[in-house]
Amino acid sequence: MPVCPPTSKAEATMKIMKELRVPKSASEFERIARQLLESPPLLATYVKLLAPDKYASFFKVSMEAVHLTAIATALNDPSFVSGDVERTVATLRALTKVNRFDMALMLLPKKDKTHLHCVFEALKAAPQVDAADLAGIRKHFKL
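Cut-offs and rules
The residue count restarts for each chain, going from 1 along the sequence in the order it is written. Local features in this predicted model are restricted to residues of pLDDT 70 or higher, and side-chain atom pairs are both shown and tallied only at a pLDDT of 80 or more, whereas totals for entire chains, interfaces and linings draw on every residue. The basis for the side-chain values is all heavy atoms of the structure; hydrogens and waters are excluded. Each helix corresponds to a stretch of at least 4 residues labelled H or I by DSSP, and each strand to a stretch of at least 2 residues labelled E; elements are numbered beginning at the N terminus. One fewer than the residue count of a helix, multiplied by 1.5 Å, yields its expected span. Relative accessibility thresholds used throughout: buried, under 20% of the residue-type maximum; exposed, over 50%; partly exposed, between the two (1.4 Å probe, protein chains only). The positive count covers Lys and Arg only, the negative count covers Asp and Glu only, and His and the chain ends enter neither. Salt bridges are counted wherever a side-chain nitrogen of Lys or Arg sits within 4 Å of a carboxyl oxygen of Asp or Glu. Any two residues whose heavy atoms approach within 4.5 Å at even a single point are treated as in contact. Definition used in this section: a nonpolar core is a set of buried Ala, Val, Leu, Ile, Met, Phe, Trp, Tyr and Cys residues joined via side-chain atoms within 4.5 Å. Without a salt bridge and with relative accessible area above 30%, a residue can belong to a patch; like charges are then joined within 9 Å and nonpolar side chains (Val, Leu, Ile, Met, Phe, Trp, Tyr) within 5 Å. Using a 1.4 Å probe, accessible areas were evaluated by the Shrake-Rupley method; residue-level cover was limited to the displayed protein chains. Simply put, an axis is a line fit to the C-alpha atoms, just over the touching stretch for a helix, and the angle between two N-to-C directions goes from 0 to 180 degrees. Here the angle decides the label: under 35 degrees means roughly parallel, over 145 means roughly antiparallel, 65 to 115 means roughly perpendicular, and every other value means oblique. Take the far helix as your reference; a near helix turned counterclockwise from it by less than a right angle gives a left-handed crossing, and one turned clockwise gives a right-handed crossing. Asp, Glu, Lys and Arg are counted as charged, while Ala, Val, Leu, Ile, Met, Phe, Trp, Tyr, Cys and Pro are counted as nonpolar; the rest, among them Gly, fall into the polar class.

Novice: Give me helix H7 (residues 85-96): which residues, what numbers.
Specialist: Helix length check: H7 (twelve residues) gives 17 Å between terminal C-alpha atoms against 16 Å at 1.5 Å per residue, within 8%. Of all twelve residues in H7, nine are buried; the element is thus mostly enclosed. Among all positions in H7, only Val 85, Arg 87, Thr 88, Val 89, Thr 91, Leu 92, Ala 94, Leu 95 and Thr 96 are buried.

What follows is the structure, given as structure tokens:
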């Protein structure tokens, strides 16, 4: 009987990418996001599948630090911020409106807070971003 060779991490990631679709639940989002954490560009693509205006209803009361970690990692990827500044601002704003955001933020590892800090700094340099609006959003992130 032939034995299939183990797939490489890259092959596994490509398989996941082919199957990506809008997540149906926070737990599905978490499962796929965990698999994509090692590939921020792919994670950014996945996070973009979920519209920011749906975050509050999607996460309901299940926002966890792991969700915020995935989103922070995706936002920190250059393809996210430089690709769509307005979407990045909308994503950050939408996160602040999710139930349990403050708790998830409090449990967020320092590395992920650094990702968020870098995202805010990149947005601060973008000419199309309203500085006062960004400062208001940043205040929610306690950065």
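On we go.
Novice: Lay out the environment of Ala 90 with the relevant residues and their values.
Specialist: Its place among the elements puts Ala 90 in helix H7. For Ala 90, a relative accessible area of 27% puts it in the partly exposed group. Spatially, the C-alpha atom of Ala 90 lies 7.9 Å from that of Asp 53, the residues being 37 residues apart in sequence.

Novice: Which residues make up the side chain of Asp 112, and what are the values?
Specialist: Mapped onto the secondary structure, Asp 112 falls in helix H9 (residues 110-124). Lys 111 is the oppositely charged side chain nearest to the buried, salt-bridge-free Asp 112, at an N-O distance of 4.3 Å. In contact with Asp 112, other than residues within four places in its own chain, are Thr 69, Ala 72 and Thr 73.

Novice: Describe the nonpolar core, naming the residues involved and giving the relevant values.
Specialist: Within the largest apolar cluster, 43 residues are counted, with the highest numbers of intra-cluster contacts made by Phe 29, Tyr 55, Phe 59, Leu 92, Leu 123 and Phe 141. Per element, the largest residue contribution to this core is six residues, and it comes from helix H5 (residues 65-76). Beyond its immediate chain neighbours, meaning those up to four positions away, Phe 59 contacts Ala 26, Phe 29, Leu 50, His 67, Ile 71 and Val 98.

Novice: Go over a nonpolar patch on the surface, please, and point to the residues and values.
Specialist: Residues Met 103, Met 106 and Leu 107 make up a contiguous nonpolar surface patch of roughly 320 Å² in combined accessible area. Inspection of the secondary structure assignment puts Met 103 in helix H8 (residues 101-106). When its relative accessible area of 38% is taken as the criterion, Met 103 is described as partly exposed.

Novice: Can you explain the side chain of Thr 73? Please cite residues and give values.
Specialist: By secondary structure assignment, the location of Thr 73 is in helix H5. Among the residues examined, Thr 73 registers a relative accessible area of 9% and is labelled buried.

Novice: Let's hear about the packing of H7 against helix H10 (residues 131-141): which residues, and what values?
Specialist: The contact between H7 and H10 brings their axes to 10 Å, and the two run at 45 degrees. When the axes of H7 and H10 are compared, the pair comes out oblique. The way H7 lies across H10 gives a crossing that is left-handed. Seen from H7, the contacting residues are Val 89, Leu 92, Arg 93, Leu 95 and Thr 96; seen from H10, they are Asp 133, Ile 137, His 140 and Phe 141. Looking at the contact of H7 with H10, its residues break down into five nonpolar, two polar and two charged.

Novice: A description of the pattern of salt bridges should follow, citing residues and the corresponding values.
Specialist: Pairing of side chains with opposite charge becomes possible as their charged atoms draw close. Evaluation of the coordinates by the stated rule reveals seven salt bridges. In this structure, Glu 121 engages Lys 124 in a salt bridge whose closest nitrogen and oxygen atoms are separated by 3.4 Å. Residue Glu 121 and its partner Lys 124 are located together in helix H9, separated by three residues, close to a single helical turn. Looking at Glu 121, the relative accessible area reads 29%, which means it is partly exposed.

The values are spatial; any link to function lies outside them.
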